[in-house]
Amino acid sequence: MRVARWLRRNLPGIVALALMATLFQAARLPYASAAETDRIAAGYSFRPLSISLPAGLPQQNIREVNQQYRNIAGWISSVGSAVAMNDLDGDGLDNDLCITDPRTDTVTVTPVPGARADRYVPFALDPAPLPTNDVMAPMGCVPGDLNEDGRMDLVVYMWGRTPIVYLARPGASTLANAAYQPTELVPGVGTDRYTGPQWNTNTVALDDFDGDGHLDVFVGNYFPQGPVLDPTKDSGVSMNHSMSQAFNGGEDYFFRWTASTRGDTPGFTFEQLNDVLPGDVSKGWALASGANDLDGDALPELYVANDFGPDRLLYNQSVPGKLRFATVETGRTPLVPKSKRVGADSFKGMGVDFGDLNGDGKYDLYVSNIATSFGLEESHFAFVNDASSQEELRRKLSDGDAPFTDRSSDLGLAWSGWGWDVKLADFNNSGKTVVAQATGFVKGDVNRWPLLQELAMTNDALLPDTTVWPHVADGDDIGGSQRLHFFVPGRDGRYVDVAKQLGLAVPVPTRGIATGDADGDGRLDFAVARQWDAPIFYHNTGRAEGAYLGLRLLHPAAGPARTGSPVVGAQATVITPDGRSHIGRVDGGSGHSGKRSNEIHLGLGADVTGPVQVQLRWRDRSGQTHEQSLRLNPGRHVLELGSDVQER
């Protein structure tokens, strides 16, 4: 009787608990077992190598900042570590690095460690004779051939200054400071001391945005113009007006190519365009950008990842000589939260890349946000392309609709930490896309997560006052032990992080990831920029599971050249015997602060043993679009793309 009465009294609670347990078991996300994780990790292997940097440079572990920012100096000092991987010396391999290091506030050109690391001595780029001052700092480096002479130049973007372009000199026999001619992207910025606009740039992307056959430049700024890094000033700076709808950041700009000069005195002319985007789009707090032709019209769309407000997917409607973009958004449906929609999110966009996440031969997008359990648990985005074809995608984008659905939870890619750069690539030629992601914020001893949580819930009206922000100075910690992630798809298509098993999960905040085949062995290597710590290079020592196609796509040589001018934006599609489409493009600098090489690398899988059909699409120097199908054997190919394809 006593048991029966107890059951009657507690039956509602028992039923509720049973229902909750049942729903939890039904709704909880699947996870890979230890055995499955080890099996997946066994397909990859990397050897860490130290990167050589110039010795004797003054060191710092935090930046001096405007007095308005003194209690959040650590926050202001949380960016500026960057890495790019490319062929800078013309030896035909992507074995040169451009490293931006906040510990010294320098940009270093250095060989990839390992074999042939003695080709030249690492050196820090010197902007002289261009004007500078002591309240600016480099944030990143983007390789590209801006004057079209076939030599790779370097675009260095800054806080406190407009970008500097280091043009490769034609007579240089080895890489050194003398091999570059510092050139202003924006002329008229002073003579002895820099007195120009105080841009605070965090992202630059190169691509042919207007379709005239020449590289243009997108510059995305974070803080509004102002003396962010000037400790003698107590004014002239501002903070975001909202945690989710801030449109008071630095203005974004486009630079349209108009002319270039080759020869002994290399040069270029770009037209600065200030009104391509409306104000609420142009003045987001930009941290990353990515350009890619999504709909097959040979005009690159542009994704801008913004902190404190909606990211923007910009549909390209340009014509030669005239840049024009339209914002597109994913339509609202009852079961999709607003912040899970392209163009309407309120998360903290930190990094972006394009790639095929689900193996259907269409470009998807992956976007890093802040996604820390018991921290700021937003979500990363794995925006999967829902269009049935490029034609349907083009129709929808033309109508302002972005047909992408966030599948990050289903794919196991939703949560990892305070995300930054991300690269989608095939590291073992299996035909499967890996997601490599940098995470972590500031490393110290005092945990400031509780104060950050309070800030996230505060009224937006208080945000302009930096005294209400959490104290983040030297010694404070927010996500300081978060690690690099290496997500690999399992048998069911769901991604599993195997960074720990591969020895990649070092508890140091990371920022930029750059990929490329440094030694030409057909396996992608990668370099990682770490905030306030030494960068690291990971040499791929794993077993290739299949064949690969490496495509170096170049414009026809206009004269003597060391490397050739990459056809940025060119697209390649390969259909393998298993019926899968493998897609890739010549990337001009997508991401946060990591820049992959310009070579297309496509893993083809184990079924490919002979020639494959390759479809190429590109624009020539006159702006004309071309498509050509050809059969290529697996391996590396250097192709010139003019009016047709010629193999070197």
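Residues numbered from 1 in each chain as written. Predicted model: local features only at pLDDT ≥ 70, side-chain atom pairs only at ≥ 80, totals over all residues. Heavy atoms only, no water.

An unreviewed UniProt entry annotates the chain as RNA-binding protein originating from Actinoplanes siamensis.

A.B. asks: An account of the state of the cysteines is needed here, citing residue identities and associated values.
C.D. replies: In the structure shown here, the tally under the stated rule is 1 disulfide. The partner cysteine of C98 in its disulfide is C141, sulfur to sulfur 2.2 Å. Where C98 bonds to C141 through sulfur, the torsion about that S-S bond is close to 100°, and the disulfide is right-handed. One end of the pair, C98, is in strand β3 (residues 96-101); the other, C141, is in strand β6 (residues 137-144), with 43 residues separating them in the sequence. We note that C98, like C141, is buried. (Disulfide = S-S within 2.5 Å. Helix = DSSP H or I, 4+ residues; strand = E, 2+ residues; numbered from the N terminus. Buried < 20%, exposed > 50% of the residue type's maximum accessible area, 1.4 Å probe, protein only.)

A.B. asks: A description of the sheet that holds strand β4 (residues 106-111) should follow, citing residues and the corresponding values.
C.D. replies: Strands sit in the order β5-β4-β3-β2-β35 across an open sheet of 5 strands; the sheet is mixed. Edge strands, defined here as strands with exactly one partner in the open sheet, are β5 (123-124) and β35 (594-595). Note: strand β2 (residues 82-86) against β3, 5 bridges, orientation antiparallel. The residue bridging A84 from the neighbouring strand is C98, located in β3. (Pairing = 2+ DSSP bridges.)

A.B. asks: Explain empty space enclosed by the protein to me, using residue names and the numbers behind them.
C.D. replies: Tallying each qualifying case throughout the model produces 9 cavities of 30 Å³ or more. In terms of lining residues, the largest cavity is bounded by 29 residues, among which L424, A425, I583, H601 and L602 are the most central. Those elements that place two or more of their residues in the lining of the largest cavity are β18 (351-355), β23 (417-425), β34 (581-585) and β36 (600-605). Here the lining of the largest cavity takes 5 residues from β34, the largest share from any one element. Of the residues contributing to the lining of the largest cavity, the split by class is 9 nonpolar, 12 polar and 8 charged. Estimates place the volume of the second largest cavity at around 260 Å³. If you go around the second largest cavity, you meet 26 residues; those closest to its centre are D207, D208, V567, V568 and G569. Among the elements of the structure, β14 (285-292) and β37 (612-619) are those that each provide at least two residues to the lining of the second largest cavity. Looking at the lining of the second largest cavity, the element that brings in the most residues is β37, giving 3 residues. Among the residues forming the lining of the second largest cavity, the class breakdown is 10 nonpolar, 7 polar and 9 charged. (1 Å grid on protein atoms, 1.4 Å probe; cavity = no way out; pocket = protein on both sides within 12 Å on 5 of 7 lines; lining within 4 Å. Points joined across faces, edges and corners; volume = space filled by probe spheres on them. Nonpolar A, V, L, I, M, F, W, Y, C, P; charged D, E, K, R; others polar.)

A.B. asks: So what about the side chain of R585? Which residues, and what values?
C.D. replies: Take R585: it is sitting in strand β34. Classification of R585 as buried rests on a relative accessible area of 9%. At 3.4 Å, the side chain of R585 and the side chain of S590 are in polar contact. The residues touching R585, leaving out its near neighbours within four places in the chain, are A291, N292, D353, F354, Y363, A570, Q571, S590, R596 and I600. (Polar contact = N/O pair within 3.5 Å; in protein donor to acceptor, adjacent residues only side chain to side chain. Contact = heavy atoms within 4.5 Å.)

A.B. asks: Give me the lowdown on unusual backbone geometry, citing residues and values where you can.
C.D. replies: A cis amide bond links A128 to the next residue, P129, at an omega of 10°. With respect to the secondary-structure elements, P129 resides in the loop between β5 and β6. Unlike most non-glycine residues, W532 shows phi in positive territory, near 60°. Inspection of the secondary structure puts W532 in the loop between β30 (525-530) and β31 (536-540). Here W532 falls in the partly exposed class, since its relative accessible area comes to 22%.

A.B. asks: Can you explain the layout of surface pockets? Please cite residues and give values.
C.D. replies: When its volume is computed, the largest pocket comes out at roughly 540 Å³. Taken together, 27 residues form the lining of the largest pocket, with T104, D105, M136, A137 and P138 sitting closest to its centre. Among the elements of the structure, β4, β6, β7 (153-159) and β8 (164-168) are those that each provide at least two residues to the lining of the largest pocket. In terms of residue class, the lining of the largest pocket is made up of 16 nonpolar, 6 polar and 5 charged. Forming the walls of the second largest pocket are 20 residues, and the residues nearest its centre are G361, K362, Q390, T573 and I583. Of all the secondary-structure elements, those providing two or more residues to the lining of the second largest pocket are α5 (390-398), β33 (571-575), β34 and β37. Within the lining of the second largest pocket, the residues separate by chemical class into 7 nonpolar, 9 polar and 4 charged.

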